Amino acid sequence: MRAERELQSPARVVLAVGVSIALAAGVLALFSQDLGSALAQFFLEPFSNRYFLGNYLADAVPLMIAGLGVLIAFRSKNFNLGGEGQLYAGALAAGLIALRVPAGTAPVVVWIWVAVAGALTGAAIGALSGLLKAFWRVSEMISSFLISAIVINVSDFFITGPLQDPASNFQTTRQIVPQFLLPRILAPSKLDVSLGLAIVLILVFMVVAKRTRVGFELRICGENEEFARYCGIPVAAYQVAAMAVSGGLYGLAGALLVIGPQGRVMRGFSSGLGWSAISVALLAQGNEAGVVPAALFIAFLSTGSDHVMMGSGVPSEIISILQAVAMCFISAGALPRFRRRQS
Amino acid sequence: MSDRAMIFVDILKYTVVAATPLLYASIGGLFSELAGMLNIALEGLMGIGAFFGMAAAGLSHNVFIGAVAAITSAVAASLLMGAVTIRFRANVFIVGLAINLLAGGVTTVLSQRWYHTKAVVAFSLPAPLPAFPAALAQIPFVGPILFSHSVLTVCAWLWAIGAAFIIRNSRHGIRIRATGMNAQAVSVLGYSPDRARVAAMIWSGVGSGLGGFALGLSISAFVPNIVSGRGWIALVAIYLGQKKPLWIAASCLLFAFAESLSNYVQGFSSIPPLLVLALPYAVTLVSLIAAGNKK
């Protein structure tokens, strides 16, 4: 046997964060002509004024909401890989409502409808994978991915077909009228009140997890399925519910983007968000409260790389590389020691 | 030949072409599946193989060198995956996901650096080497469907047959299967289950690398997201084929037929193309459910 050193969970997080930042700096050093200014753009510009700070926080909000959902699914050992499609479908449902309601409707009513419709759409799609797992023993990873691929194609059809804005050169729906958009905070940035909703949701899920029977039973399902069955816990119901909650929060995140920063449904706008939410959940290490710093960190990486891309010609896709490296470090259970232990 | 027969022959001919990348990747993935690791990184490994294979082929103007580069790059990535999961005891799904993200990132960043575009990079390559004498391809119906293909396509079938033999008959294949069934028993017998797992990852890399390269060659270009779900479809083919190489090959043909049909229907019908594009995924999903129920 090879000698190993167990990695404690805080050590993994510190390693993952540290290595991905170091790697970001390394990539910048390789690719940019002026390293000093690229580094400044990456690390400082997002915080340099009200506008950039607000936009940065706005990027973190959907990651908090969707990341929370992934975390809940993880806790019951369900791996939802359909986030991209669930987010997109939630956004489309939101767009359909926000574009169709009569102009005189009270905005609060529209927001509630949009949020509920987005969440339910995502939840239905997520629950489908849960059902397939519970009753047909189909891997939820593969089914959620395939369903998501179908959903994305169908949504693209609606966006570029029946809902296409005839006046726009982009593949997008019409703009949603301004009074139905969520109130902004930190104007002129894109940050809106959904930040508050994200925090409230995280608090609610914390209470449910720590203080209720449902939260407790969900945890047991994840830790030992056999034992949970033996205790009479309806494992299949929890599998479906966990996938539904995860899909629902993805859908909600998509819906809030449509009546928030995006203001319309654009083809391909979800690209990457579904995967980033998984990084957030991994970084949070099974802890709801950890979702906030984790989302802020992932959003920082993506905002930072966007700023650098504008400045120094490094494509913003380096964010995927940084996330991949962070994921590996978070998931590693042990660091091998390279000499044998004397025993 | 009537028009309708021509169309039919075309669809079947393209089915064989479209099955090639699926077949390479799913047979590769079969090895890691048998060793007990569901390899969700086939998608990413195919993307890596497609990019580095096409880049090397474009640079050297030599398809063979491209194939070697595709295999080398995908095996390097799958060894990385093996190292992190086996040596560092990380979760194989999370690392698989990470490899998928990494593949998307690396290929796009390098495409931007080398070719200054994140869109289509077209390569002018020598014409693919035909595997059969031209006369055979002239046979009506059967000729174009079976005998008009390149060496790379024929090799995909040899790869499947070879894998069937290795898995069933060789000591190496038996150790990989035994590791998946009972790793402890393998180590009690004095063999290293970790070594079998690493070998399985290498096979996965070879298969998906070549699969990605075949995909690139079929359009003579590289686009980010060129794989677009085929790695996942290859994964489902393993289940639908019940982990038996020849049944997996049949499953690949089924999915390739769906792809070929959807390509054809896109051009010649009033059904919106974006909906038609969802057809291969839908067929895959339905067959995944069918395969799941059988257990």
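Scroll up for the structure.
Here goes a summary of the coordinates provided. Model, not experiment: these values are computed from the prediction. (Residues numbered from 1 in each chain as written. Chains lettered and ligands numbered in written order. Predicted model: local features only at pLDDT ≥ 70, side-chain atom pairs only at ≥ 80, totals over all residues. Heavy atoms only, no water.)

## Focus on the interface of chain B and chain A
Item 1. Taken together, the contacts link 41 residues of chain B with 45 residues of chain A.
Item 2. Both sides together, the interface formed by chain B and chain A hides about 4,100 Å², and carbon and sulfur atoms give 77% of it.
Item 3. Applying the counting rule to chain B against chain A returns one salt bridge.
Item 4. Glu-317 of chain A is the partner of Lys-118 of chain B in a salt bridge, and the nearest nitrogen-oxygen pair spans 3.2 Å.
Item 5. Put simply, chain B and chain A have two residue pairs in polar contact (both at pLDDT 80 or more) between them.
Item 6. For the side of chain B that touches chain A, the element with the most residues is helix H4 (residues 92–115) of chain B, which contributes 13 residues.
Item 7. By residue class, the composition of the side of chain B that touches chain A is 28 nonpolar, eight polar and five charged. (Contact = heavy atoms within 4.5 Å. Buried area = accessible area lost by both parts, 1.4 Å probe. Salt bridge = Lys/Arg side-chain N within 4 Å of Asp/Glu carboxyl O. Polar contact = N/O pair within 3.5 Å; in protein donor to acceptor, adjacent residues only side chain to side chain. Helix = DSSP H or I, 4+ residues; strand = E, 2+ residues; numbered from the N terminus. Nonpolar A, V, L, I, M, F, W, Y, C, P; charged D, E, K, R; others polar.)

## Quick notes on unusual backbone geometry
Item 1. Cis geometry marks the peptide bond from Ala-187 of chain A to Pro-188 of chain A; its omega dihedral reads 5°.
Item 2. Within the secondary structure, Pro-188 of chain A is located in the loop between helix H6 (140–160) and helix H7 (194–211).
Item 3. With a phi angle near 55°, His-116 of chain B is a residue other than glycine that sits in the positive phi range.
Item 4. Positionally, His-116 of chain B belongs in the loop between H4 and strand S1 (121–122).
Item 5. We note that Phe-141 of chain B has phi near 60°; this positive angle belongs to a residue other than glycine.
Item 6. Secondary-structure assignment places Phe-141 of chain B in the loop between helix H5 (134–137) and helix H6 (142–147).
Item 7. Residue classification places Phe-141 of chain B among the partly exposed residues on the basis of a relative accessible area of 42%. (Buried < 20%, exposed > 50% of the residue type's maximum accessible area, 1.4 Å probe, protein only.)

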